[in-house]
Amino acid sequence: MGPSGLVCALLLAACCCCRRAAGVPGEAEPPTPEPLEVEVGGTALLKCGPSHSPGNFSHVDWFSVHKEKPTLIFRVRKGQGQSEPGEYQHRLSLLDRGTTLALAHVTPHDERIFLCQGKRPQSQEHRIQLHVYKAPEEPTIQVNPLGISVNSEEPEEVATCVGRNGYPVPQVIWYKNGRPLKEEKKRVHIQSSQIVESSGLYTLQSVLKAQLVKEDKDAQFYCELNYRLPSGNHMKESREVVVPVFYPAEKVWLEVEPVGVLKEGDRVEIRCLADGNPPPHFTISKQNPSTQEMEEKATEDNGVLVLESARKEHSGLYQCQGLDLETMASLPSEQQELLVNYVSDVRVSPAAPESREGGSLALTCEAESNRALEFQWLREKTGQVLEKGPVLRLHNLQRDAGGGYRCVASVPSVPGLNRTQLVRVAIFGSPWMTSKERKMWVKENTVLNLSCEASGHPRPSISWSVDGTAHEQDQDPQSVLSVLNVLVTPELLETGAECVASNFLGRNTTTIFLELDSNRTTGLSTSTVSPYTRANSTSTEKKLPEPESKGVAIVAVTVCVLVLAVLGAVLYFFYKKGKLPCGRSGKQEITLPPSRKSEFVVEVKSDKLPEEMGLLQGSTGDKRAPGDQVGGSSCGQCLTPLQGLGAAGANGSRPLNTLSPFPPPLLETGSRPVLPS
């Protein structure tokens with residue numbers, strides 16, 4: 001170094017010493033700042049060094065240092081604080097007697113060095129490094145909807161992870177099936193970027209790119225954000241996602257639903273499957289049993305053949321064929337046999353059995369199946385099991401043995417697999433009428449339907465005794481129903497309608513009688529007569545008599561008259577004998593033995609008027625014999641057994657009527673009752 005250089009160095013050192021002695025802040029070698037951590041939105045407490053006593057803070061200046069440039073933000077003079085104009089003007093306050101400066105509503109922009117500088121007794125300073133933290137929001141993840149092909153030569157985008165509003169920028173880690181992913185050349189690449197919001201917070205975006213294989217088709221991917229707070233380190237995880245992975249098929253196979261033994265009538269699905277994604281285009285073929293060649297079957301859905309009601313013809317060998325539309329490679333499946341168990345061609349011989357009464361029949365049932373069969377015979381109308389086995393023998397057949405018999409052929413090893421065949425046994429005989437003769441209430445000059453049903457073998461024909469329009473309906477091979485449409489006339493009301501059923505073995509009849517609705521007392525009118533009660537009698541049933549109730553009433557009246565006549569005769573007899581004295585005053589003395597006449601007097605009160613109490617009443621001018629009068633009074637009214645009152649005696653008492661057949665009325669003496677002793 002020359003003399004001129006040495007002089008320059010000395011001058012520079014002297015200049016630095018002068019500036020340091022002059023107290024210019026920031027020019028001296030700065031000490032290590034004291035760290036202070038606070039969350040966004042909180043309050044930072046800036047202390048001006050722990051070694052200073054309260055007396056040292058009477059003259060303090062606070063600076064914020066940004067990009068190594070100090071800016072005065074607060075002054076303390078004699079313990080009183082004053083904010084300087086600027087961004088901190090309304091967020092600073094002095095605490096703890098001036099030892100602490102409080103910074104409220106901390107934002108990411110406040111992450112800087114704050115400088116405390118005291119002037120007395122000598123210049124001192126204290127630096128504080130403020131660290132600001134903010135937890136990011138829950139990370140969101142978006143999978144690549146287009147998927148990734150395993151044939152790609154470069155890593156392709158798997159998913160994108162976004163963490164918003166964090167400070168500082170969080171660290172992102174990617175996971176596959178719970179294991180962290182690291183950068184790997186041509187296999188895994190993680191590309192992250194961040195955006196600074198106007199609030200000073202960061203939004204992180206990380207894109208995972210990878211080269212996947214077939215085994216990753218079900219892999220679970222997610223991202224994790226790691227960040228720090230004053231309380232320590234934390235992390236948040238996104239949800240797990242699965243990215244579509246495309247790979248060619250290596251194998252094709254065939255499945256049948258339902259699994260297990262199949263029978264006719266089942267709904268069967270034959271489905272083609274492959275281990276490729278997307279699946280190839282499928283075709284289903286069935287072997288022709290005649291030519292032994294595979295013939296393609298038409299399907300509505302790709303690789304699904306539906307047999308809505310399986311039949312034995314559907315049994316055979318099936319095969320799937322898969323065509324990769326990208327590589328145009330064809331993959332066949334192995335052939336698989338489909339077996340549909342069946343019971344068919346159930347037949348009974350003889351097919352139309354018939355016999356005369358007292359005869360015998362043997363019915364034989366046969367069927368075809370790919371498995372062992374069991375047979376049983378049922379009576380159709382009752383469901384009763386008649387026989388187990390292929391042959392049903394019927395002996396001593398009667399008319400009621402005719403009708404349906406059902407043969408049931410079933411496969412015990414395949415539940416629910418059975419078929420039936422119905423055969424009708426005909427018994428030769430004259431016609432049977434289904435209903436009795438009956439009466440029908442009608443109105444004259446109206447049109448109504450009359451019905452008649454008959455059965456027999458051979459099937460009978462039906463005719464009517466009256467004119468009208470008849471329609472016949474076959475109920476079964478041996479039964480027929482005839483409905484006659486007829487007008488109600490006086491002649492029809494008089495004769496009725498006769499139904500005649502006949503075949504070459506005989507005939508039978510039934511009659512329907514009609515009666516005008518105005519003559520009936522009970523019941524409902526109807527326009528159609530249908531058979532409900534079975535009968536095979538041909539007897540004619542005439543008009544049913546009405547129940548007579550008038551005779552009972554006449555007998556009752558006659559008995560009442562006789563009873564009244566006898567009662568009147570008895571009263572007249574007592575009257576003539578003097579045993580029934582009467583007086584105009586309505587009083588009568590009780591006849592007592594001489595020894596008891598003086599014991600008591602009984603007075604009987606009655607609310608009835610004399611006119612209401614007598615059956616026989618004389619006139620006021622009647623003359624009576626002396627023997628018929630009591631107490632000097634004539635008989636003006638005759639007592640009846642229903643009155644229970646006597647005529648008045650001379651002493652003013654009312655004697656008790658001894659002729660009344662009813663219990664005596666209440667007896668009083670003065671105000672209390674007295675009973676005769």
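The rules behind each value
Residues numbered from 1 in each chain as written. Predicted model: local features only at pLDDT ≥ 70, side-chain atom pairs only at ≥ 80, totals over all residues. Heavy atoms only, no water. Helix = DSSP H or I, 4+ residues; strand = E, 2+ residues; numbered from the N terminus. Buried < 20%, exposed > 50% of the residue type's maximum accessible area, 1.4 Å probe, protein only. Contact = heavy atoms within 4.5 Å. Areas by Shrake-Rupley, 256 points an atom, 1.4 Å probe, with all protein chains shown as cover. Disulfide = S-S within 2.5 Å. pLDDT = per-residue confidence, 0-100. Pairing = 2+ DSSP bridges. Axes fitted to C-alpha atoms, helices over the stretch in contact; angles between N-to-C directions. Phe/Tyr/Trp six-rings, centres within 6.5 Å; stacked < 30°, edge-to-face > 60°. Lys NZ or Arg CZ within 6 Å of the ring centre and 35° of its normal. Polar contact = N/O pair within 3.5 Å; in protein donor to acceptor, adjacent residues only side chain to side chain.

Undergrad: Now, about the overall build of the chain: what can you tell me, with residues and values included?
TA: Counting its secondary structure elements, the chain contains 4 helices and 49 strands. For the chain, the residues scored as buried account for 37% of the 677 residues in total. Sequence separation of 24 or more characterises 62% of the internal contacts of the chain that already satisfy a separation of 6 or more. Accessible area of the chain: about 40,100 Å², with a carbon and sulfur share of 53%.

Undergrad: Provide a residue-level description of the state of the cysteines, including the pertinent values.
TA: All told, the structure shown has 5 disulfides when counted by the stated rule. Put simply, Cys-272 and Cys-320 are joined by a disulfide, and their sulfur atoms are 1.7 Å apart. Its S-S torsion of approximately -85° makes the covalent link between Cys-272 and Cys-320 left-handed. One end of the pair, Cys-272, is in strand β22 (residues 268-274); the other, Cys-320, is in strand β26 (residues 316-323), and 48 residues separate them in sequence. Using a relative accessible area of 4% as the deciding quantity, one classes Cys-272 as buried.

Undergrad: Account for the confidence of the model for the chain, with residues named and values stated.
TA: When pLDDT is averaged along the chain, the result is 78; 74% of the residues meet or exceed 70. Contacts from residues 582-677, a stretch scored under 50 in pLDDT, to residues over four places away or in other chains number 133 contacts.

Undergrad: Requested: an account of the pairing of strand β10 (residues 140-143), with residues and values cited.
TA: What you see with β10 is a clean split: Ile-141 and Val-143 sit on the buried side and Thr-140 and Gln-142 on the side with no burial. As paired strands, β10 and strand β12 (residues 156-166) are joined by 4 bridges and run antiparallel to one another. Opposite Gln-142, over in β12, you have Thr-160 as the bridge partner.

Undergrad: So what's going on with the sheet that holds strand β45 (residues 506-516)? Residues and values would help.
TA: Strand order across the open sheet formed by 4 strands is β39-β45-β44-β41, with mixed pairing between neighbours. Only two strands of the sheet have a single partner each, and these edge strands are β39 (438-442) and β41 (461-464). The mean inter-strand angle of the sheet, taken between neighbouring strand axes irrespective of direction, is 25°. Pairing of strand β44 (residues 497-503) with β45, which is carried by 7 bridges, proceeds in the antiparallel orientation. Its bridge partner being in β45, Ala-501 is matched across the sheet by Asn-508.

Undergrad: So what about the sheet that holds strand β13 (residues 171-176)? Which residues, and what values?
TA: Taken in spatial order, the 4 strands make up an open sheet running β14-β13-β17-β18, and their pairing is antiparallel. Lying at the two open borders of the sheet, with one neighbouring strand each, are β14 (179-180) and β18 (232-237). Of the pairings in the sheet, the one linking β13 to strand β17 (residues 221-229) comprises 6 bridges and is antiparallel in character. Note on β17: the bridge partner recorded for Tyr-175 is Tyr-222.

Undergrad: Could you give an account of the packing of aromatic side chains, naming the residues involved and the relevant values?
TA: Tallied over the full model, the rule gives 3 aromatic pairs. For the pair Tyr-88 and Phe-114, a centre-to-centre distance of 5.8 Å together with 75° between the ring planes defines the contact as edge-to-face. With Tyr-88 in the loop between β5 (80-83) and β6 (92-95) and Phe-114 in strand β8 (residues 113-118), this residue pair connects regions lying 26 residues apart in the sequence. Sitting above the plane of the Phe-428 ring, Arg-356 keeps its charged end 5.2 Å from the centroid.

Undergrad: Describe the side chain of Asn-144, with residues and values.
TA: Relative to the helices and strands, Asn-144 is located in the loop between β10 and β11 (148-149). Judged by its relative accessible area of 13%, Asn-144 falls in the buried class. Polar contacts involving the side chain of Asn-144 include one to the main-chain carbonyl oxygen of Glu-157, which spans 3.0 Å. In contact with Asn-144, not counting residues within four places along its chain, are Glu-157, Val-158, Ala-159, Val-243 and Pro-244.

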